[in-house]
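# A structural walkthrough
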Amino acid sequence: MNRGISRTGVSVLSLCLGGVAAAQNVEEVIVTGFRESLEVALEAKRDSVNFTDSISAEDVGKLPDNNLAEALQRVPGVQISRTNGEGQQISIRGLGPSFARVLFDGMPISAASEGSVDQQARNREFDFDLLPSEIFSTLQVSKTPRASLVEGGLSGTIDLRTPRPFDYNDFQASYQLQAAYQSTSEEVDPRGSFLISKNWNDRFGALLSVSTSQRTFRTDGWSSQGWTSGRVPGNEIGRPYDAGFTWNLPSVFASPANQAPDFINESGLTNAQLSRTQVPRLGRPEVQIGDRDRIGGTLALQWAPTDALQFNLDVIYAKLESDFDRYANNLLVRNTTSNTDNETGFGYITPSNFSVDGNNTLTSGSLLNAKFWSENRLFQQESDFKHVGLGGSWQIADQVHLSAKASKAESDFRWRMTTYLFLSEPGQVDLQVRDGIPVITPHLDLANSSNWRFNTVRVQPRTREEENENLALDLTLGDDERNIRIGALANKYFRERLTYSSSVGFDQGTALTPFGYTGGAALRDFDITDFSEVVPVNYGEHFDDPAGYNRWIVSDLRAFSRMMDPGVLDANANLDFQNSGSFEEDNLSAYIEANAAFQVWDRTLRVNAGLRYVKTEHEMQGFIRLATTPAPATNLFGIRKDDYGRNTIDGEYSEFLPSLNLAYEVSDTVLARFSISQTMTRPNPNDLQPFTGISTAGVVSQGNQNLQPYLADQLDGGVEWYFSEGAVLGGNVFYKEITGFVERVIAPQPFRNAGIPLDTITDPTILALLPNGLDTILLFNTPVNVDDVTYLKGAELLYQQRLDNLLNGLGVTLNYTRLDSGSQVIVGLAKTNYNAVVYYEQDRFATRLSYNYRDDYVECEENCGSTSPEAGFRYQGGYLDLNSSVNFSALGQDLTLSLEVLNLLDEEEYSFYGYRNRANTLNRPGRQYILGIRGQF
């Protein structure tokens, strides 16, 4: 394959940059570090037949970023979501994290973790922050399938690879020590990693790597559970579930004549205006303070007894622990009626001096007789991941090659959430709403513990276990250029998710006595003096705009833990049987694939064509009440999974998935690509399982065991111009027609349709949602396959080049993605995304700036977890990172001193409902500074 440098291309591009045309005799430049990693990845892209991109380590045990998700976001078409400022989940080409298949060395893996604190991701997402980036060498993203590639990634497939000893000559060792400082926590935390490898003449090799890190974090934020309107007699607004509470309007209730739509009530608005006014539901400042400790390691062995036979063993272990406290103070605009106007209820709010904008959003006003709910949570999270893979390859003859792989991956997730809630006395609260979070100003002194009473305790642990067992066999007949491949994969995927919930209401304190509680039945009478404190930070000090009040009473979580051991509480919490169960999936696939190269018009055309057959059988198991199951209403603790029976539902489906990939060398420097294929993603387990549960927002969620897989017919085309060494200018376009798309249908129904007996509900917050018992109308949220075809199209642009003609060592890489789903809404799709990296590298010094931008996107379509009538959006975000290093020698070693600054612009994370001034969440994770030293020997 001829890959000479196009002097014409270099001249044209140099003129565009204002430089001088390159000389004919170009001296070879030896590249290292970040530039080398870019060019290795570019060479892999050029050699592939299908549409792929990759990230390669810039040095031994060092990917270009500190986080796998943040490294992958440099790939065109890849977007990430963040938690506390750290990349966590990825999306490819606008489709959500569940549409991306994650592999290790070609074998399926999964992680038993659940995203951010409030996300509770229960589907096929993969949390990349579980795995340290230091233990990986290559990340490859395939956007179009090959028949030999494992199915399941409708948007794309990510294949992770760790280093092996045969990757290096003889002996190799490296280490890295770092200190990280976060601007919001103002703490310094250690990080470290090492890799040691030995290769005995490519006959036997062993490699060990370990990475560990600690992170102390503090995130100030604000959130709501949607925006909602209050009920006004005689002024129904068409959709009764939009109204989340009842306004206390003395003048309206005094006389039926005053219920006329144009009556001016206490709010200063007409009844009709007030019934449509949107106010924040449970608007609350939030503070998270805690630690994240992560450790990971790999062991790789390779043995080649002959030149034709090779075996490898790969072992990975990773563990992430996170202990943190979250303090939130809810303004109780929620489910308030005349029935809650008492000392233990949520109050009964009267509106005063309201002003609204053209979208019926409250802009200013006061709430009279309003209360606050100080919600204080003790969190502990532990996730671990273990993988063992054994592989072998045998070159039986010149034209016959056989490979086999067996692997098993296990992942466990354990989660503690213990909540202590205080209820405030009533008082006046003023609100001002602007672009950003509302300014809430209480007249009551919220920092005085005498204005608060103990109200509720919630114990809500959960666990999740996942296993992936794989056995693959592949036979190749032919050489590297022309061959036929035949293979099969047996994959068994198992998941069990158990959630527990025991809620102790204001008059149920004696249920806590066995665990050490020293108060009586009425929680309100418990003296909280020694169990409370003022929120332990200066809330909002890092925000750009005023946040309203910044001091309020919170639970002293350590004091409560001394009185009642959280571990003992967890061990006795009742099984939430409607949201617990297991899921087993047996996937058998087989494929045939042909690879060839032809001369067409004196140019090489590479062809990859194949067919993959997939059969899936799944079994879902849930819990059912037995005659012997204790009644939760009288047993707030102690009902475990052995007290329930089981119900089992199964199903199966099969698909044929054809694919064709073409790569044609138009010239020595221009490559054209085309692909036509069918891809699939299996339904999300949480949507399939026979779950029925009710949230504290008053939404009943149900599963649907009859869901079919997502299928996509897709076309891809692209052109890449490799106009000089290490450089490319290219573009891709793609088009997908997706069937089987799942949407959650939301409709009001009587609660009796949920099939949840009232005597199983003990949470007083949920009981307050059911004033009419089984006849109460609530929102039911059910997943269904939509009949319509969902269309998605997009374009990706890529530019990469050394700019030595401007400044020796200078370079740039840029990519841009534009996505369009027409009139259809795809959750998570940001229309515009781009990345820009400018770097400068010399033997002694290197620096680079990396910027990533993601446009607004829809997080949920309707009634997002509450009664908000508008869709939820994540606001656009741009993140700028700096990475600099200096190389030197000391103590007989080659050393590198590095400085990294993450989130250099101190970007906030903001989301809203429908309109920019209806805030959903705001988080300020702050900047992170990492100083390190790295050595090799």
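See the structure shown above.
What counts, and at which threshold
Residues numbered from 1 in each chain as written. Predicted model: local features only at pLDDT ≥ 70, side-chain atom pairs only at ≥ 80, totals over all residues. Heavy atoms only, no water. Helix = DSSP H or I, 4+ residues; strand = E, 2+ residues; numbered from the N terminus. Rg over C-alpha atoms; globule rule 2.2 N^0.38 Å. Buried < 20%, exposed > 50% of the residue type's maximum accessible area, 1.4 Å probe, protein only. Pairing = 2+ DSSP bridges. Axes fitted to C-alpha atoms, helices over the stretch in contact; angles between N-to-C directions. Expected span 1.5 Å × (residues − 1). Phe/Tyr/Trp six-rings, centres within 6.5 Å; stacked < 30°, edge-to-face > 60°. Lys NZ or Arg CZ within 6 Å of the ring centre and 35° of its normal. Salt bridge = Lys/Arg side-chain N within 4 Å of Asp/Glu carboxyl O. Patch = residues over 30% accessible without salt bridge, like charges linked within 9 Å, V, L, I, M, F, W, Y side chains within 5 Å. Areas by Shrake-Rupley, 256 points an atom, 1.4 Å probe, with all protein chains shown as cover. Lys, Arg positive; Asp, Glu negative; His and termini not counted. Charge placed at Lys NZ, Arg CZ, Asp CG, Glu CD. Core = buried A, V, L, I, M, F, W, Y, C linked by side-chain atoms within 4.5 Å. Contact = heavy atoms within 4.5 Å. Polar contact = N/O pair within 3.5 Å; in protein donor to acceptor, adjacent residues only side chain to side chain.

## Focus: the overall build of the protein chain
Along the backbone of the protein chain there are nine helices and 48 strands. In terms of overall size, the protein chain behaves like a compact globule, its C-alpha atoms giving a radius of gyration of 30 Å where 937 residues would be expected to give roughly 30 Å. Expressed as lengths along the three principal axes of its C-alpha atoms, the size of the protein chain is roughly 95 × 65 × 55 Å. Here the protein chain, with 937 residues, has 58% of them falling under the buried criterion.

## With respect to the sheet that holds strand β17 (residues 362-370)
Judged by pairing direction, the sheet is antiparallel, and its four strands sit side by side in the order β16-β17-β20-β21 without closing on themselves. Each of the sheet's edge strands pairs with one partner strand only, and the pair in question is β16 (350-356) and β21 (439-442). Taking the axes of each pair of neighbouring strands and ignoring which way they run, one obtains an average angle of 10° across the sheet. Where β16 meets β17, five bridges bridge the pair, whose relative direction is antiparallel. Bridge pairing in β17 places S352 opposite S366.

## Quick notes on helix α2 (residues 33-47)
With 15 residues, α2 ought to run about 21 Å at 1.5 Å a step, and its terminal C-alpha atoms sit 21 Å apart, in line with that. Those residues of α2 lying buried are G33, F34, R35, S37, L38, E39, A41, L42, K45 and R46.

## What about the packing of aromatic side chains?
In this structure the tally under the stated criterion is 44 aromatic pairs. Considering the side-chain rings of Y539 and F543, the 5.6 Å spacing of their centres and the 85° angle between planes classify their relative orientation as edge-to-face. Residue classification places Y539 among the buried residues on the basis of a relative accessible area of 2%. Judged by centre distance (6.5 Å) and plane angle (75°), the ring pair of F623 and Y644 falls under edge-to-face. You can see F623 sitting in strand β29 (residues 603-624) and its partner Y644 sitting in the loop between β29 and β30 (645-665), a full 21 residues away along the chain. The exposure classification of F623 matches that of Y644, with both residues buried. Here a set of aromatic residues connected by ring pairs shows up, and it is made of Y420, F422, F454, Y517, F526, F531 and F560. When the ring centre of F734 is taken as origin, the NZ or CZ atom of R93, which lies over that ring, is 4.1 Å away. Looking at R916, its charged tip hangs above the ring of Y875, at a distance of 4.2 Å from the centre.

## Regarding the pattern of salt bridges
The full count for this structure, using the stated rule, is 56 salt bridges. R164 is paired through a salt bridge with D105; the nearest N and O atoms lie 2.8 Å apart. Of this pair, R164 sits in the loop between β7 (156-161) and β8 (171-182) while D105 sits in the loop between β4 (100-104) and β5 (107-108), placing them 59 residues apart in sequence. In this structure R164 comes out as buried when scored by relative accessible area, which is 11%. Owing to a relative accessible area of 22%, D105 belongs among the partly exposed residues under this scheme. One salt bridge in this structure joins R124 and E585, with 2.8 Å as the shortest N-O distance. Note that R124 is positioned in the loop between β5 and β6 (138-142) and E585 in strand β28 (residues 581-600), a separation of 461 residues in sequence.

## Let's talk about a nonpolar patch on the surface
Taken together, L477, I484, I486, I592, L611, Y613 and F656 make up a surface patch of nonpolar side chains, about 600 Å² in accessible area. At the level of elements, β24 (483-499) and β29 are the ones that each hand at least two residues to the nonpolar patch. Its location among the elements puts L611 in strand β29. Accessibility expressed as a relative area gives 36% for L611, which makes it partly exposed.

## Focus: a negative patch on the surface
The grouping of E186, E187, D291, D293 and D323 at the surface amounts to a negative patch. Counting through the fold element by element, D293 comes out in strand β14 (residues 284-306). The class for D293 is partly exposed, based on a relative accessible area of 31%.

## Side note on the nonpolar core
Judged by nonpolar contacts, the single largest core of 68 residues is most densely connected at W247, L331, L367, F454, W552 and M564. One finds L63, A69, I80 and L320 within the second-largest nonpolar core, a separate group that totals 31 residues.

## A short note on unusual backbone geometry
Unusually for a residue other than glycine, D105 sits at a positive phi of about 50°. Positive phi outside glycine occurs at N360, with the angle close to 65°. In this fold, N360 is placed in the loop between β16 and β17. What makes N360 partly exposed here is its relative accessible area of 32%.

## Looking at the pairing of β28
Two strands pair when backbone bridges link them, and β24 and β28 are joined in this way by 15 bridges, in the antiparallel orientation. Bridged to R485 within β28 is E593. Inspection of the sheet shows β28 paired to β29 by 20 bridges, in the antiparallel sense. Across the sheet, residue N587 finds its bridge partner in β29, namely T616. Here β28 folds back onto β29 in antiparallel fashion, the turn holding two residues, of which W601 has a positive phi close to 50°.

## What about the sheet that holds β6?
Strand order in the open sheet made by the five strands is β1-β6-β7-β4-β5, with mixed pairing throughout. Two strands lie at the open edges of the sheet, namely β1 (52-56) and β5, each paired on one side alone. Pairing between β4 and β7: five bridges, direction parallel. Its bridge partner lying in β7, A100 is registered against G156.

## Here we look at the environment of P426
Considering the arrangement of structural elements, one finds P426 in the loop between β19 (400-424) and β20 (427-432). On the basis of relative accessibility, which here comes to 36%, the residue P426 falls in the partly exposed class. With 218 residues separating them in the primary sequence, P426 and Y644 have C-alpha atoms 42 Å apart. When sequence neighbours within four positions are dropped, the list of residues in contact with P426 reads N369, A370 and K371.

## Here we look at the side chain of N587
Checked against the element boundaries, N587 lands in strand β28. Residue classification places N587 among the buried residues on the basis of a relative accessible area of 5%. A polar contact of 3.3 Å, which involves the side chain of N587, links it to the side chain of E585. With residues up to four places along the chain from it excluded, the contact list for N587 reads L489, A490, N491, K615, T616 and R682.

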